[in-house]
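Here's the letter readout for the chains.
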Amino acid sequence: MASSHSSSPVPQGSSSDVFFKKEVDPAKHIRPVQSLPDVCPKEPTDKSRTDLEQVPKIFMKPDFALDDSLTFNSVLPWSHFNTAGGKGNRDAASSKLLQEKLSHYLDIVEVNIAHQISLRSEAFFHAMTSQHELQDYLKKTSQAVKMLRDKIAQIDKVMCEGSLHILRLALTRNNCVKVYNKLKLMATVHQTQPTVQVLLSTSEFVGALDLIATTQEVLQQELQGIHSFRTYTCVKSIYSSYKTFLQSYLSNISSSVFNDLRDIAQHLGSQLCELEKLIDKMMIAEFSAYSHSDLNRPLEDDCQILEEERLVSLVFGLLKQRKLNFLEIYSEEMIITAKNIIKQCVINKVSKIEEIDTDVVMKLADQMRMLNFPQWFDLLKDIFSKFTIFLQRVKATLNIIHSVVLSVLDKNQRTRELEEISQQKNAAKDNSLDTEVAYLIHEGMFISDAFSERELTSIAIDTTSQRNASPNSEPCSSDSVSEPECTTDSSSSKEQTSSSATPGCVDIMVNEDMKLTDLELGKLANNIQELLYSASDICHDRAVKFLISRAKDGFLEKLNSTEFITLSRLMETFILDTEQICGRKSMSLLGALQSQANKFVNRFHEERKTKLSLLLDNERWKQADVPAEFQDLVDSISDGKIALPEKKSGATGERKPAEVLIVEGQQYAVVGTVLLLIRIILEYCQCVDNIPSVTTDMLTRLSDLLKYFNSRSCQLVLGAGALQVVGLKTITTKNLALSSRCLQLIVHYIPVIRAHFEARLQPKQYSMLRHFDHITKDYHDHIAEISAKLVAIMDSLFDKLLSKYEVKAPVPSACFRNICKQMAKMHEAIFDLLPEEQTQMLFLRINASYKLHLKKQLSHLNVINDGGPQNGLVTADVAFYTGNLQALKGLKDLDLNMAEIWEQKR
């Protein structure tokens, strides 16, 4: 435009030529800046500077003002106006002088001002002469601008007005499409409440909640700011140019519908919130009813899960509304059901017992206590069986709930991954695009917005054309809530769902908008597992209360070993079954079993200790015959089986009792108490096998029993307590030897008992085995004391007889004959009781005592080994003693070493 004269806005003609000529040659009209006179102020002369210096600086300040009291006092001091006293004439003269001084200052300033004006006068007159020329120049410039604007207006009308009108029409059309879609959306929203009621009538809580959530989202986003349809006529007039476009839809909307839709945005939102709260209450009530019907249905029913689809729908609805306390409802229902199971089992059992008069015994607990052990045991077995089925059902139901939670959690994670991938793609796309946006403003609107709207319009046109091209498609109406035309971009993005399947093969739709975080879902999954553990604990707690109720009259403590072991095995089986079902061992019933087991062990031990005490107090310490059953008992131990053998009817009755007990080829002469003690020991060992939980306690009690037998037998035999308790006349060597042999039998079995307990103890409990080491030591000490007692008996006899020994004829002397007689009696008393090796060791110790006393007597008699007559007599007596002693059974090869009786020569 600037390069072409034809398009130049400057007007053509002589006037314009003259204008440009004058503008090109400004020297004729406007004096250049260089030719202007020098109007710059010259430096003040020395005289004027000197005159100005006379004026005080205060007058030169820019903020000089006499209304300021300080300034006023500085310029006009009050001292010049004081007429008091005799100083009046002098003050008047001073005031006059001040007035003259100020006048002088004024004259100096006026002179300087006049001087400055004279310096600038030439520039002032020059400006006045050039004013007319400037006015002519501005007038011609204004005419040129007017012509340029006319040209631009013609260009705008020809080239731009049509295009801008098209853009305005496009914007208007887009607005009409938006209004059309809004009206369809509002008609769809109008049908929300009836549709929700239909869904609730069929218990479709998830569908109803999804519909409410979608409607609320539409109200908050798509219909935000729309309050009523009262301005419908205004809307119709605005879009009258597009009546044909809207008529196909608007004509279908009756006036009654408009009246119903007037206050949608004002009231429907609050109504939907109230409806949502009502659905929350309905779901809680429905889940409570489902829990009650599921847990209280007959346990004989084989169906594990009741109405699985209903359960899945309820759980999804509760998760969607964040009602996570539904597990507490299920837990409370479990407690009530567990109570009812026991109550119903007791009622069923008591009703079958004719001996129980329910009219006399009113309380159910009292009726239950009237059952004997077999009846009560059957009742307990039935309760445990019902509890097992109950836990299996609870586990199946909780597995479904757990799978739903995991499905939602998995969907959340997958959705988050897809969002991250989408964000990465969008970021890469944004980085690759280099757009240039030009903002043209016309009548207050951004034209770039028109282009973006045009894109949306093209999409809407494509959608409309596709809908019109489909022969089976129907226009969106108010009766439909799922038409694609009625779904906005923002709402449809959140309505995407994914299909998955529960373990029960029930398809579930996992909504993305579950409002639950991964942390909450993970915590809920853990709570479901804890609820399964709680179910096991509830059953165990109820069983414990049932046991305590029956044990009030000491019933459980009165059970014999067989009954208690049977009860213990039943309880242990139930504990293992519940652990297998729930995955964790409950401790309450186990603790109750342990408590009853401890009471049983106490009673078991006290009964046997009392029995042993009675046996010992009545024991006469004479050798007893060994019945065949005890020999069989010992033989079973030798075979490695520490248990009470089964009684053989008829076979043991034909076999005669034996004189001794044969243990691994050795003969043991025992008293009857020891035979029963061995049986009692085996009962302890068998009890450990039957009730492993009492192993440590039983070990302690068995140790106490063995210690008691050792100490009590020592009191009765070595301490001669049997003389007063049983009435024995004396404690003979036979009694001592028999007591020693009984102790040796118990010592023989202590390692076997130790190994039996060691195999059933935990490694950290092995320290308890030291009790057996202490017991073994005590028994060996006791046996050694008995041997020492036997030697002491002969020692006192030797001291008594040899102290009177005299070396004289006849040979053998009476003293030696008496000694040999007593030795023979000793041998006769113990040989059949003690093994040959122990007999030999005992007689060697007795012989040593004999030699010591004989040596002492010979030294007293001054008889030496000199081959003299006295030496010969002593040698003959010793030979008689030696011959008699070695003639005893089992002492033939005994090395007596009689040479030690003589004093060694120094």
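Above this text sits the structure in question.
Residues numbered from 1 in each chain as written. Predicted model: local features only at pLDDT ≥ 70, side-chain atom pairs only at ≥ 80, totals over all residues. Heavy atoms only, no water.

Caption draft 1: Spotlight on the overall build of the protein chain. From N to C terminus, the protein chain includes 29 helices and six strands. A total of 906 residues make up the protein chain; the buried ones form 39% of that total. Here the protein chain has roughly 52,300 Å² of accessible surface; of this, 54% comes from carbon and sulfur atoms. (Helix = DSSP H or I, 4+ residues; strand = E, 2+ residues; numbered from the N terminus. Buried < 20%, exposed > 50% of the residue type's maximum accessible area, 1.4 Å probe, protein only. Areas by Shrake-Rupley, 256 points an atom, 1.4 Å probe, with all protein chains shown as cover.)

Caption draft 2: A look at the side chain of Ser 740. Examined against the element boundaries, Ser 740 turns out to sit in helix H25 (residues 733-758). Sequence-distant contacts of Ser 740, that is, excluding residues within four places in its chain, are made with Ile 783, Ile 786 and Leu 834. (Contact = heavy atoms within 4.5 Å.)

Caption draft 3: Focus on the packing of H25 against helix H26 (residues 770-802). Where H25 meets H26, the axes come as close as 10 Å, and the angle between the chain directions of the two elements is 165 degrees. When the axis of H25 is compared with that of H26, the two are roughly antiparallel. Helix-helix and strand crossings are classified by hand; for H25 and H26 the assignment is left-handed. For the pair H25 and H26, the contacting residues are Thr 733, Leu 736, Ser 739, Ser 740, Leu 743, Gln 744, Ile 746, Val 747, Ile 750, Ile 753, Arg 754 and Phe 757 in the first and Phe 772, Asp 773, Ile 775, Thr 776, Tyr 779, His 780, His 782, Ile 783, Ile 786, Lys 789, Leu 790 and Ile 793 in the second. Its residues placed into classes, the contact of H25 with H26 shows 14 nonpolar, seven polar and three charged. (Axes fitted to C-alpha atoms, helices over the stretch in contact; angles between N-to-C directions. Parallel < 35°, antiparallel > 145°, perpendicular 65-115°, else oblique. Left-handed = near helix turned anticlockwise from the far one by under 90°. Nonpolar A, V, L, I, M, F, W, Y, C, P; charged D, E, K, R; others polar.)

Caption draft 4: Focus on the nonpolar core. Grouped together as the largest cluster of nonpolar side chains are 179 residues, with contacts concentrated most on Trp 376, Ile 746, Phe 757 and Phe 843. If one sorts the elements of this core by residue count, helix H14 (residues 373-432) sits on top with 19 residues. Once residues lying within four places of it in the same chain are set aside, the contact partners of Trp 376 are Met 368, Leu 371, Phe 546, Leu 547, Arg 550, Phe 555, Leu 556 and Leu 567. (Core = buried A, V, L, I, M, F, W, Y, C linked by side-chain atoms within 4.5 Å.)

Caption draft 5: Broad picture of unusual backbone geometry. Following Ala 809, the chain continues to Pro 810 via a peptide bond in cis, the omega torsion being 0 degrees. Within the secondary structure, Pro 810 sits in the loop between H26 and helix H27 (814-830). For the peptide bond that leads from Val 811 to Pro 812, omega is 0 degrees, which places it in the cis range. Mapping Pro 812 onto the fold places it in the loop between H26 and H27. Phi angles above zero are rare outside glycine, and Trp 621 is one such case at about 55 degrees. By the element assignment, Trp 621 lies in the loop between helix H19 (588-617) and helix H20 (628-638). Under the relative-accessibility criterion, Trp 621 is labelled buried at 2%. In this model, Asn 897 sits at a positive phi of 50 degrees, which is unusual for a non-glycine residue. With respect to the helices, strands and loops of the structure, Asn 897 is situated in the segment after helix H29 (869-886).

Caption draft 6: Seen up close, the environment of Phe 798. Summarising the element assignment, Phe 798 is placed in helix H26. Of the residues examined, Phe 798 reaches a relative accessible area of 0% and is grouped as buried. Phe 798 sits 56 residues away from Leu 854 along the chain, and the two C-alpha atoms are 8.2 Å apart. Non-local contacts of Phe 798, meaning those with residues more than four positions away in its chain, are made with Ser 803, Ile 819, Met 823, Ile 846, Ser 849, Tyr 850 and His 853.

Caption draft 7: How the structure looks around the packing of aromatic side chains. Applying the stated rule across the entire model yields 16 aromatic pairs. With a centroid separation of 4.3 Å and an interplanar angle of 10 degrees, the aromatic rings of Phe 564 and Phe 600 are classed as stacked. With Phe 564 in helix H18 (residues 561-582) and Phe 600 in helix H19, this pair connects stretches of sequence that are 36 residues apart. Judged by its relative accessible area of 2%, Phe 564 falls in the buried class. Among the aromatic side chains, those forming a connected cluster through ring pairs are Phe 373, Trp 376, Phe 377, Phe 546 and Phe 555. Over the aromatic face of Phe 555 sits the side chain of Arg 550, whose NZ or CZ is 3.6 Å from the ring centroid. One Lys or Arg, Arg 608, reaches over the ring of Phe 604 and ends 3.6 Å from the middle of that ring. (Phe/Tyr/Trp six-rings, centres within 6.5 Å; stacked < 30°, edge-to-face > 60°. Lys NZ or Arg CZ within 6 Å of the ring centre and 35° of its normal.)

Caption draft 8: Focus on H20. By the criterion of burial, H20 is predominantly enclosed, with eight of the 11 residues buried. When we look at burial in H20, the residues that qualify are Ala 628, Phe 630, Gln 631, Asp 632, Leu 633, Val 634, Ser 636 and Ile 637.

Caption draft 9: Examining a nonpolar patch on the surface more closely. Among the surface-exposed residues, Met 60, Val 109, Ile 113 and Ile 117 lie close enough to one another that they form a single nonpolar patch of about 360 Å² accessible area. Its location among the elements puts Ile 117 in helix H4 (residues 88-190). The class for Ile 117 is exposed, based on a relative accessible area of 57%. (Patch = residues over 30% accessible without salt bridge, like charges linked within 9 Å, V, L, I, M, F, W, Y side chains within 5 Å. Salt bridge = Lys/Arg side-chain N within 4 Å of Asp/Glu carboxyl O.)

Caption draft 10: Representation of the pattern of salt bridges. In the structure shown here, the tally under the stated rule is 17 salt bridges. Between Lys 851 and Glu 900 there is a salt bridge, with its nearest N and O atoms 3.0 Å apart. Of this pair, Lys 851 sits in helix H28 (residues 836-860) while Glu 900 sits in the segment after H29, placing them 49 residues apart in sequence. By relative accessible area, which is 41% here, Glu 900 ends up partly exposed. Through salt bridges with shared partners, one network takes in Arg 603, Glu 607, Arg 608 and Glu 683.

Caption draft 11: Geometry of a negative patch on the surface. Together, Asp 625, Glu 659, Glu 828 and Asp 832 make up a region of like negative charge exposed at the surface. Along the chain, Asp 625 turns up in the loop between H19 and H20. (Lys, Arg positive; Asp, Glu negative; His and termini not counted. Charge placed at Lys NZ, Arg CZ, Asp CG, Glu CD.)

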